[in-house]
Amino acid sequence: DAGVTQSPTHLIKTRGQQVTLRCSPKSGHDTVSWYQQALGQGPQFIFQYYEEEERQRGNFPDRFSGHQFPNYSSELNVNALLLGDSALYLCASSFSGKPSYEQYFGPGTRLTVT
Amino acid sequence: GENVEQHPSTLSVQEGDSAVIKCTYSDSASNYFPWYKQELGKRPQLIIDIRSNVGEKKDQRIAVTLNKTAKHFSLHITETQPEDSAVYFCAANPRRALTFGSGTRLQVQP
């Protein structure tokens, strides 16, 4: 049973560029949430996708956008990168049928903006 | 929105001692409280969780308690071992998104 997977593992981009990160949820899960974890801090919620739609959004600008595909995998896109976007981006999957919304994290993508 | 505060930020204990990490939350709609362990360079790993209709839950050396009235919950680790050394995060879930605390770096001295 495959867990949550993310790609790529590491990424280096220049200010102003755009980036796309990818996530495949755990088998049986249909909901994907994205989090940003700056160094030394707890993860911060970006948004959640369910049934191919953004269901909830955290306090992040419109430069952050996403998509969910019919197979439940998801992408996170960040436009006009800023130095402050450097962080570990975590994807978490869950099953909508569980009332407790247990979320399981992928290994993350380490994004460095120079 | 939800606000989760976590204390202490660092905790050093001797192997075999107990460790306690405390969190408070602000949104009374929160009904699910997970705890994650994150080792250096690795993903957060769910170690235990508690729902709002339960006051305490135990899993081997780990236990979590919840006081809904006071809006606080705690993680208790007994008989700590060096492999328990990591950063621990509490979180609360008022709707669907998790709001995390700022983390506690636990160091278990052998």
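Quick note: structure is the one above.
Residues numbered from 1 in each chain as written. Chains lettered and ligands numbered in written order. Predicted model: local features only at pLDDT ≥ 70, side-chain atom pairs only at ≥ 80, totals over all residues. Heavy atoms only, no water.

## So, the interface of chain B and chain A
At the interface, 17 residues of chain B touch 21 residues of chain A. Here chain B meets chain A over a buried area of about 1,700 Å², counting both sides, of which 53% is carbon and sulfur. By the criterion of area lost to chain A, the three top residues of chain B are Arg 43, Arg 96 and Phe 100 of chain B, representing 36% of everything that side buries. Inspection of the chain B/chain A interface yields one salt bridge. A salt bridge links Glu 102 of chain A to Arg 51 of chain B; the nearest nitrogen and oxygen atoms lie 3.3 Å apart. Along the contact surface separating chain B from chain A lie six residue pairs in polar contact (both at pLDDT 80 or more). Broken down by secondary-structure element, the contributors of at least two residues to the side of chain B that touches chain A are strand 4 (32-38) and strand 5 (45-51) of chain B. (Contact = heavy atoms within 4.5 Å. Buried area = accessible area lost by both parts, 1.4 Å probe. Salt bridge = Lys/Arg side-chain N within 4 Å of Asp/Glu carboxyl O. Polar contact = N/O pair within 3.5 Å; in protein donor to acceptor, adjacent residues only side chain to side chain. Helix = DSSP H or I, 4+ residues; strand = E, 2+ residues; numbered from the N terminus.)

## Some details on the sheet that holds strand 7 (residues 64-68) of chain A
All names here are of chain A. Strand order in this open sheet of four strands is 1-3-8-7, and the pairing throughout is antiparallel. Where the open sheet ends on each side, the last strands, each with one partner, are strand 1 (5-7) and strand 7. If you compare each strand with its neighbour and ignore which way they point, the axes differ by 20° on average. Pairing geometry for strand 7 and strand 8 (residues 74-78), over five bridges, is antiparallel. Its bridge partner lying in strand 8, His 67 is registered against Glu 75. (Pairing = 2+ DSSP bridges. Axes fitted to C-alpha atoms, helices over the stretch in contact; angles between N-to-C directions.)

## Some thoughts on the side chain of Ser 33 of chain A
All names here are of chain A. Secondary-structure assignment places Ser 33 in strand 4 (residues 31-37). Residue Ser 33 is classed as buried on the basis of its relative accessible area of 0%. A distance of 2.9 Å separates a polar atom in the side chain of Ser 33 from a polar atom in the side chain of Gln 48. Discounting residues that sit within four places of it in the chain, Ser 33 has contacts with Phe 45, Phe 47, Gln 48, Leu 90, Cys 91, Ala 92 and Gln 103. (Buried < 20%, exposed > 50% of the residue type's maximum accessible area, 1.4 Å probe, protein only.)

## A closer look at the state of the cysteines
Each disulfide consists of one covalent bond between the sulfur atoms belonging to two cysteines. Residues and elements named next belong to chain B. One pass over the full model with this rule turns up two disulfides over all chains. Between the sulfur atoms of Cys 23 and its disulfide partner Cys 90 the distance amounts to 2.0 Å. For the disulfide bridge between Cys 23 and Cys 90, the dihedral angle about the S-S bond is near -100°, and by the sign convention the bridge is left-handed. Residue Cys 23 is located in strand 3 (residues 19-25), and its partner Cys 90 is located in strand 9 (residues 86-92); the two are separated by 67 residues in the primary sequence. The exposure class of Cys 90 is buried, given its relative accessible area of 0%. (Disulfide = S-S within 2.5 Å.)

## Some details on the pattern of salt bridges
Residue and element names in this part refer to chain B. Evaluated as defined, the whole model comprises six salt bridges over all chains. A salt bridge links Lys 57 to Asp 49, with the nearest nitrogen and oxygen atoms 2.9 Å apart. Among the ionic pairs, Arg 61 bridges to Asp 84, the shortest N-O distance being 2.9 Å. With Arg 61 in the loop between strand 6 (56-59) and strand 7 (62-67) and Asp 84 in the loop between strand 8 (72-77) and strand 9, this residue pair connects regions lying 23 residues apart in the sequence. We classify Asp 84 as buried; its relative accessible area is 7%.

## Overview of the environment of Gln 18 of chain A
Residue and element names in this part refer to chain A. Along the chain, the position of Gln 18 falls in the loop between strand 2 (10-13) and strand 3 (19-24). Gln 18 gets classed as partly exposed once you look at its relative accessible area, which sits at 36%. Sequence separation of Gln 18 and Arg 63 is 45 residues, and the distance between their C-alpha atoms is 9.3 Å. Once you skip the residues sitting within four places of it in the chain, Gln 18 turns out to touch Lys 13, Asn 77, Val 78, Asn 79 and Leu 81. Side-chain polar atoms of Gln 18 contact the side chain of Thr 20, separated by 3.0 Å.

## Remarks on the nonpolar core
With 24 residues, the main nonpolar core has Trp 35, Phe 73, Leu 75, Tyr 88 and Leu 106 of chain B as its most contacted residues. Secondary structure elements with two or more residues in this core: strand 2 (10-14), strand 3, strand 4, strand 5, strand 7, strand 8, strand 9 and strand 11 (104-109) of chain B. Within the second largest apolar cluster, 20 residues are counted, among which are Cys 23, Phe 64, Tyr 89 and Cys 91 of chain A. (Core = buried A, V, L, I, M, F, W, Y, C linked by side-chain atoms within 4.5 Å.)

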